[in-house]
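# Overview (structure and organization)
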Amino acid sequence: MGLEGKVAIVTGAGGGLGGAMALALASAGAKVAAVDVSLQGVNGLMQRAGSAQANIIPFIANLGERGDCEKLVGEVIAACGDLTMLVNNAGVGQQMIDPEYSTAQAKPFWETDIYGWEKIINVNMRAPVILTQKAVKHFITKGRGRVVNVTTSFDTMIAPKVWAYGQAKAGFEAVSASLAAQLANTPVTLNILVPGGPANTGLLPANTDLPRDKIIQPPVMGPPVVWLASDDADGFNNRRIVARLWDSTIPGKEAALKASAPCAWPGYGVQAAQPK
Ligand SMILES: NC(=O)c1ccc[n+]([C@@H]2O[C@H](COP(=O)([O-])OP(=O)(O)OC[C@H]3O[C@@H](n4cnc5c(N)ncnc54)[C@H](O)[C@@H]3O)[C@@H](O)[C@H]2O)c1
């Protein structure tokens, strides 16, 4: 899958899923702007990248800050000469407001710090909307572009223990479906990509009960994101791909259809009554 000439922003590239997607895109020939608030995370990615390192340009930005979000797309275009893909992957978990959330000492929501909740919303939901608006303006001018949003599993969105994280991800899922529908008759596509269950990354608490070697491993995100970046994915829009269901033995478009469904919940439950 030759991605020479493509330029992708991957946010949260210093972490598990973002690192795997950045490596996969850079190894396939794309130039990757690896964005993270953590210098240590981005340095670790550069060390792991081997020969793909030449295609990775680190950017340190705090996407919890509006100003950093507003500047990022312009800075990447200035440094890389273009932008063809935005992967909105950076995220923070429930531990931002309650380090013990997964233990018996978890705080009920009425005792948690409401401003910590705001930080989760800002990184997980506000930042990708700002970045998407900036990137889509550029994509429309250029006549092509991709947005890929990493939300989460539907059951996580309503899991009581991760109420703040879940809410931000449900909002992100919903806005992804709305924006993808708006992009339907443009040369720009927007799709969601999720691992399809808990994945072995820094987002899980250090004391997790989950067996880290048995859950989803970050490299599952590689084949679908590389296909989404390719010209073969032209016109593939408003779908939600579950990475663990990706079948690399069949052609990309077939694999994408097989592993995906429409974004969000368009066919779920009783719909609103509309006047005739
Ligand atoms: N791990 C899972 O089980 C799982 C499941 C479904 C979805 N996700 C989603 O996948 C995405 C990637 O998470 P991950 O699992 O790789 O976790 P991770 O903690 O390994 O990576 C997240 C990265 O985002 C970065 N980040 C956090 N705040 C930031 C900020 N303000 N500005 C810039 N970068 C920031 C972190 O430094 C980190 O490198 C997240 O959006 C997460 O919600 C994860």
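Coordinates for the structure precede this section.
So, how was this worked out
Residues numbered from 1 in each chain as written. Predicted model: local features only at pLDDT ≥ 70, side-chain atom pairs only at ≥ 80, totals over all residues. Core = buried A, V, L, I, M, F, W, Y, C linked by C-beta atoms within 7 Å. Buried ≥ 20, exposed ≤ 12 C-beta atoms within 10 Å, placed from the backbone. Contact = placed C-beta atoms within 7 Å. Helix = DSSP H or I, 4+ residues; strand = E, 2+ residues; numbered from the N terminus. Arc of directions from axis to C-beta. Axes fitted to C-alpha atoms, helices over the stretch in contact; angles between N-to-C directions. Parallel < 35°, antiparallel > 145°, perpendicular 65-115°, else oblique. Left-handed = near helix turned anticlockwise from the far one by under 90°. Nonpolar A, V, L, I, M, F, W, Y, C, P; charged D, E, K, R; others polar. Pairing = 2+ DSSP bridges. Right-handed = clockwise from strand over helix to strand, strands pointing away.

### Observations concerning the nonpolar core
In summary, soluble globular proteins display a tendency toward joint burial of nonpolar side chains. Judged by nonpolar contacts, the single largest core of 80 residues is most densely connected at Val-10, Ala-22, Leu-25 and Val-225. When near neighbours in sequence (up to four residues on either side) are disregarded, Ala-22 contacts Val-10, Ala-13, Val-32, Ala-34, Leu-45 and Ile-56.

### Observations regarding helix α2 (residues 39–48)
Those residues of α2 that sit buried are Gly-41, Val-42 and Leu-45. Taken down its axis, α2 places every buried residue within 95° of arc, on the same side. Away from its buried face, by an angle of more than 90 degrees, α2 presents the exposed residues Leu-39, Gln-40 and Gln-47. Those residues of α2 hidden inside the fold are in contact with α1 (16–27), β2 (31–36) and β3 (56–60). Count one or two residues on from α2 and you reach Gly-50, which has phi positive near 55°.

### A look at the packing of helix α4 (residues 114–142) against helix α6 (residues 163–182)
Taken N-terminus to C-terminus, the directions of α4 and α6 make an angle of 15°; their axes are 8 Å apart at the nearest point. Taken together, the axis directions place α4 and α6 in an arrangement best described as roughly parallel. Along this stretch, α4 crosses α6, giving a crossing that reads as right-handed. For the pair formed by α4 and α6, the contact residues are Trp-117, Ile-120, Ile-121, Asn-124, Met-125, Pro-128, Val-129 and Thr-132 on the first element and Ala-164, Tyr-165, Ala-168, Lys-169, Gly-171, Phe-172, Val-175 and Leu-179 on the second. Among the residues making up the contact of α4 with α6, the classes are represented as 12 nonpolar, 3 polar and 1 charged.

### Quick notes on the pairing of strand β5 (residues 145–149)
Burial runs high along β5: 5 of the 5 residues are buried. Across the two faces of β5 the burial is the same, with Gly-145, Val-147 and Asn-149 and Arg-146 and Val-148 all buried. One ladder, built from 4 bridges, connects strand β4 (residues 85–88) with β5; its direction is parallel. Residue Val-87 lies in a different strand from β5, and its bridge partner there is Val-148. As a crossover connection, the stretch from β4 through α4 into β5 is right-handed. Of the strand pairs in this sheet, β5 and strand β6 (residues 188–194) are connected by 5 bridges, and their pairing is parallel. Paired with Arg-146 across the two strands is Thr-189, which belongs to β6.

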